[in-house]
Amino acid sequence: MRRKLMTMYRALFKAYGPQHWWPGDSPFEVMVGAVLTQNTAWTNVEKAIAVLRRERLLTPARLDSMRAVRLAALIRPSGYYNIKAKRLKHLLRFIRDRYSGSLRKMFSDDPVGLRKKLLAVNGIGPETADSILLYAAALPFFVVDAYTKRILSRHGLISPAADYHRVQGLFMDNLPRDTRLYNEYHALIVQAGKEYCRKGVPLCEECPLKPYLP
DNA sequence: TGCCAGGCCGGGT
DNA sequence: ACCCGGCATGGC
């Protein structure tokens, strides 16, 4: 399995090159983006983030002290804005209560313990938690999303019904725990998924993995 | 025009 | 333990 996963990685890298996802922005901005992108196109998330950045609101303290209805209005372009405003508020309260509002304190907590605590926050599921840990905290947790499951199941590597932790384990138990690798790998999967593995489209002939996988 | 997008929760079986 | 409806905007 390790060989298959590395072959797949190399095939994707060859097809799409380095993605350098989320390296230039602040960890807090990455965290906000991780919530806003739930079941949402990234282009919509960018619009909402741009509003918050323009208004100089991208700090834990600023968003924390804001009324949820105002936050909701600001992030409107990202969709599901009422529920997402509440979820951001839950996350912000968590950071304030447990880490006195400091991301540095939060990210220097025990990684496995932090992950469990994040999952206990209402509105933070496994993918959002792992996105925060990988892309904001630079901790080696593999992010599994709809594209990951779809691509792997269409190529016969997992059952279509495999749950999140099964799929995550497939990567983390067979690959080195390397932040850079996980970062790039997940980004490549999303890139490939957007292009050729959309919902409702049968396994496509231009799939860059086709020459490498059965 | 309808379908889809980097999920998650709560209520029902 | 699953299964499903709800949540909402913007792009193609």
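Note that the structure is predicted; figures quoted are calculated from it, not measured.

**Some thoughts on the environment of S131**
Then comes step 1: Mapped onto the secondary structure, S131 falls in helix α9 (residues 126-136).
Then comes step 2: Overall, S131 belongs to the buried group, with 23 C-beta atoms counted inside 10 Å.
Then comes step 3: A C-alpha to C-alpha distance of 23 Å links S131 and Y196, two positions 65 residues apart in sequence.
Then comes step 4: With sequence-adjacent residues up to four places away left out, S131 is seen in contact with A34 and V143.

**Notes on the protein's contact with DNA strand B**
Then comes step 1: The full set close to DNA strand B counts 27 residues, and Q38, N39, G125, T128 and G200 are the nearest of them.
Then comes step 2: At the level of elements, α9, α10 (146-154) and α12 (179-196) are the ones that each hand at least two residues to the surface near DNA strand B.
Then comes step 3: The dominant element in the surface near DNA strand B, judged by the number of residues it contributes, is α9, at five residues.
Then comes step 4: Here the residues of the surface near DNA strand B are counted per class, giving 11 nonpolar, 11 polar and five charged.

**Some words on the nonpolar core**
Then comes step 1: L88, I132 and I189 are the most contacted members of the largest nonpolar core, which has 45 residues in total.
Then comes step 2: Looking at this core, you find at least three residues from each of domain 1 (2-20 + 142-196) and domain 2 (27-136).
Then comes step 3: If we ignore the near neighbours within four places in the chain, the residues touching I132 are M31, A34, L118 and A137.

**What about the protein's contact with DNA strand C?**
Then comes step 1: Around DNA strand C, the structure places N39, T40, A41, T43, N44, R76, P77, G79, Y80, Y81, N82 and I83.
Then comes step 2: Only α3 (42-54) and α6 (81-99) provide two or more residues apiece to the surface near DNA strand C.
Then comes step 3: Counting residues per element, the surface near DNA strand C draws most heavily on α6, at three residues.
Then comes step 4: Grouping the amino acids of the surface near DNA strand C by side-chain chemistry returns five nonpolar, six polar and one charged.

**Notes on helix α1 (residues 2-16)**
Given 3.6 residues per turn, any residue in an α-helix points the same way as the ones three and four places further on.
Then comes step 1: Taking 1.5 Å of rise per residue, 15 residues should cover 21 Å, and α1 covers 21 Å from first to last C-alpha, within 8% of that figure.
Then comes step 2: Just downstream of α1 lies G17, where phi reads positive at about 75°.

**Regarding the domain arrangement of chain A**
Then comes step 1: Domain boundaries in chain A define domain 1 (2-20 + 142-196) and domain 2 (27-136).
Then comes step 2: For domain 1 and domain 2, the distance between their C-alpha centroids amounts to 24 Å.
Then comes step 3: Contacts between the two partners involve eight residues from domain 1 and, on the opposite side, six residues from domain 2.
Then comes step 4: Here the element with the most residues in the side of domain 1 that touches domain 2 is α12; it accounts for three residues.
Then comes step 5: When the residues that make up the side of domain 1 that touches domain 2 are grouped by side-chain class, the tally is five nonpolar, two polar and one charged.

What counts and how
- Residues numbered from 1 in each chain as written.
- Chains lettered and ligands numbered in written order.
- Predicted model: local features only at pLDDT ≥ 70, side-chain atom pairs only at ≥ 80, totals over all residues.
- Helix = DSSP H or I, 4+ residues; strand = E, 2+ residues; numbered from the N terminus.
- Buried ≥ 20, exposed ≤ 12 C-beta atoms within 10 Å, placed from the backbone.
- Contact = placed C-beta atoms within 7 Å.
- Near = placed C-beta within 6 Å.
- Nonpolar A, V, L, I, M, F, W, Y, C, P; charged D, E, K, R; others polar.
- Core = buried A, V, L, I, M, F, W, Y, C linked by C-beta atoms within 7 Å.
- Domains from an automatic or database assignment.
- Expected span 1.5 Å × (residues − 1).

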